[in-house]
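# Structural overview
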Amino acid sequence: MRWDDVAGATRDLAELELSELEGALTPSGIEPYRAKQIYRWIHRRAVLDWAQMTDLAKRHRTALAEAFHLSTPNIAARDRSSDGTEKFLFELADGRRIEAVYIPKSPADTFCVSTQVGCAMQCSFCLTAKMGLERNLTAGEIVGQVRLLRSELGLLEQPINIVLMGMGEPLHNYDATMRALRILTCPDGAAVSPRRVTLSTVGIVPALARLADEPVMPNLAISLHGTTDEQRTSLVPVNRRYPLAELLAACRAFPLKRRNRITFEYVLIRGVNDSVADARRLAGLLTGLRAKVNVIPLNAAPGIPHERPTAAQIDRFGKALADCHVTVSIRKSRGRDIRAACGQLLVETGQQSPGQRLAGMLGATDG
Ligand code: SF4
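Residues numbered from 1 in each chain as written. Predicted model: local features only at pLDDT ≥ 70, side-chain atom pairs only at ≥ 80, totals over all residues.

## Some points on the overall build of the protein chain
Note the following rule: Counting from the N terminus, the helices are DSSP H or I runs at least four residues long and the strands are E runs at least two residues long. Burial is judged by counting the other C-beta atoms within 10 Å of a residue's own C-beta: 20 or more makes it buried, 12 or fewer makes it exposed, and any count in between marks it as partly exposed, with every C-beta position built from the backbone. Whether two residues are in contact depends on their C-beta atoms, placed from the backbone: they are in contact if these lie within 7 Å.
The helix and strand inventory of the protein chain stands at 11 helices and 16 strands. Counting every position in the protein chain, which comprises 367 residues, the buried fraction comes to 49%. In the protein chain, of all internal contacts separated by at least 6 residues, the share reaching a separation of at least 24 is 67%.

## Section: the sheet that holds strand S10 (residues 197-201)
Definition in use: Any two strands with at least two DSSP bridges between them are considered paired. Here an axis means a line fitted to C-alpha atoms, over the contact stretch when the element is a helix, while the angle between two N-to-C directions is reported on a 0 to 180 degree scale.
If you walk across this open sheet you meet the 10 strands as S3-S4-S5-S6-S9-S10-S11-S12-S13-S14, and the pairing is mixed. On the outer flanks of this sheet lie strand S3 (74-80) and strand S14 (327-330), each paired with one strand and no other. Strand after strand, the sheet turns through a mean of 20° between neighbouring axes, direction not considered. Sheet topology note: the strand S12 (residues 262-268)/strand S13 (residues 291-297) ladder contains 7 bridges and is parallel. The residue bridging isoleucine 262 from the neighbouring strand is alanine 291, located in S13. The sheet strands contacting helix H5 (residues 139-153) are S3, strand S4 (86-91), strand S5 (97-103), strand S6 (110-113) and strand S9 (161-164), and the helix crosses S6 at an angle near 145°.

## Focus on the packing of helix H2 (residues 18-25) against helix H3 (residues 34-44)
The cut-off we apply is this: By definition in this entry, angles of less than 35 degrees are roughly parallel, angles greater than 145 are roughly antiparallel, angles of 65 to 115 are roughly perpendicular, and the rest are oblique. Two helices crossing with the near one rotated counterclockwise from the far one by less than a right angle form a left-handed crossing, whereas a clockwise rotation gives a right-handed crossing.
Interhelical geometry of H2 versus H3 gives an angle of 120° and a closest axis separation of 9 Å. Relative to H3, H2 is oriented oblique. The two elements H2 and H3 meet at a crossing, and its hand is right-handed. Between H2, through Leu18, Leu21, Glu22 and Leu25, and H3, the contact on the second element is made entirely by Arg34, Ala35, Lys36, Ile38 and Tyr39.

## Points about unusual backbone geometry
Phi angles above zero are rare outside glycine, and alanine 46 is one such case at about 55°. Checked against the element boundaries, alanine 46 lands in the loop between H3 and helix H4 (58-67). Of note in this structure, histidine 325 is not a glycine but carries a positive phi near 65°.

## Details of the confidence of the model for the protein chain
Low pLDDT means the predicted coordinates in that region are not meant to be read closely. For clarity, the cut-off: Note on scores: pLDDT gives the predictor's confidence for each residue, bounded by 0 and 100.
Of all residues in the protein chain, 88% attain a pLDDT of 70 or more, and the chain-wide mean is 89. Across residues 1-7, where pLDDT falls below 50, the model places 14 contacts with residues more than four positions away in sequence or in other chains. The low-confidence segment residues 349-367, where pLDDT is below 50, has 74 contacts with residues more than four positions distant or belonging to other chains.

## Considerations on the pairing of S6
Here S6 shows two buried faces, one formed by Thr110 and Cys112 and the other by Phe111 and Val113. Where S5 meets S6, 3 bridges bridge the pair, whose relative direction is antiparallel. Looking at the pairing, isoleucine 103 lines up with threonine 110 of S6. What sits between S5 and S6 in their antiparallel hairpin is a turn of 6 residues, with lysine 105 showing a positive phi close to 45°. Pairing between S6 and S9: 4 bridges, direction parallel. By the bridge assignment for S9, cysteine 112 is matched with valine 163.

In structure tokens, the structure reads:
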């Protein structure tokens, strides 16, 4: 159920695309040309209510307030890591909670945002998986995370990177995610360059084919994590449905811009997928693909039945990949002390209760 269904009545202005907003203003007696003005207030200046739209006549602001609402998550908690990473717990209008993470200067300021409340994908190394899927986010709620982070952090003017790698699998909430991307990249609004947006997915193959035809094309990151079907299925159960050969064929068919590459995320887990043989098999799978590998040493957490490899094992794996001429980076985990690192995003269940708090979060919510 969408939250504005809960709220009742009015349309959510935060999830209208510019062309839709132009059409939606007419019944309220507001000229369509004012749509760009309103869009800028919402998405570029990140105002939270109509009263702040000071270059609009009062009667226009009143008409907007009667015809629309503007969904913006509330900040329920905010936690700052010793390395500057900040984790935000957002409460939505229906009381459900999600998390987003701000990673400063990595090298650009990066927002990691959620696309679902929880996740249905059941990856074995991921805390978010423990929530199950509670519901999809609306495009307004996805965009709202970015608006709020920009305004809270004073980053309205600077270029930002966005990674759809918070809670949820973005391609499992396809339409809302694509709408959010169109809104975020609209030049009259937030104007985020698609080159600065990365969509991370476990690889829902039919959705990848749809994505290939989208007008707004984000960078693509595939959560691979395994080098045989048996191994990957044990870590990423959706592999049963879309096995490695099918997924990699979809990646080979994916249209890449010049000099662009697909990132393959690989959570490195001690004794599971961290051998030199795994590294060599991984290199073999990626042969002929314009690819780079992002190795993410597991962030161990209570309830996750896996361990982080030692530093020596991590180095050995990275070197074996590099020896096979694969471009590889080993992700430095940030925000581990506040559970904002990969695979650590989890909002405890019973979220509707007011006292509940976020237990951990982001990361491998690779989506
Ligand atoms: S890793 Fe991503 S896709 Fe897998 S369960 Fe976690 S959030 Fe979902």
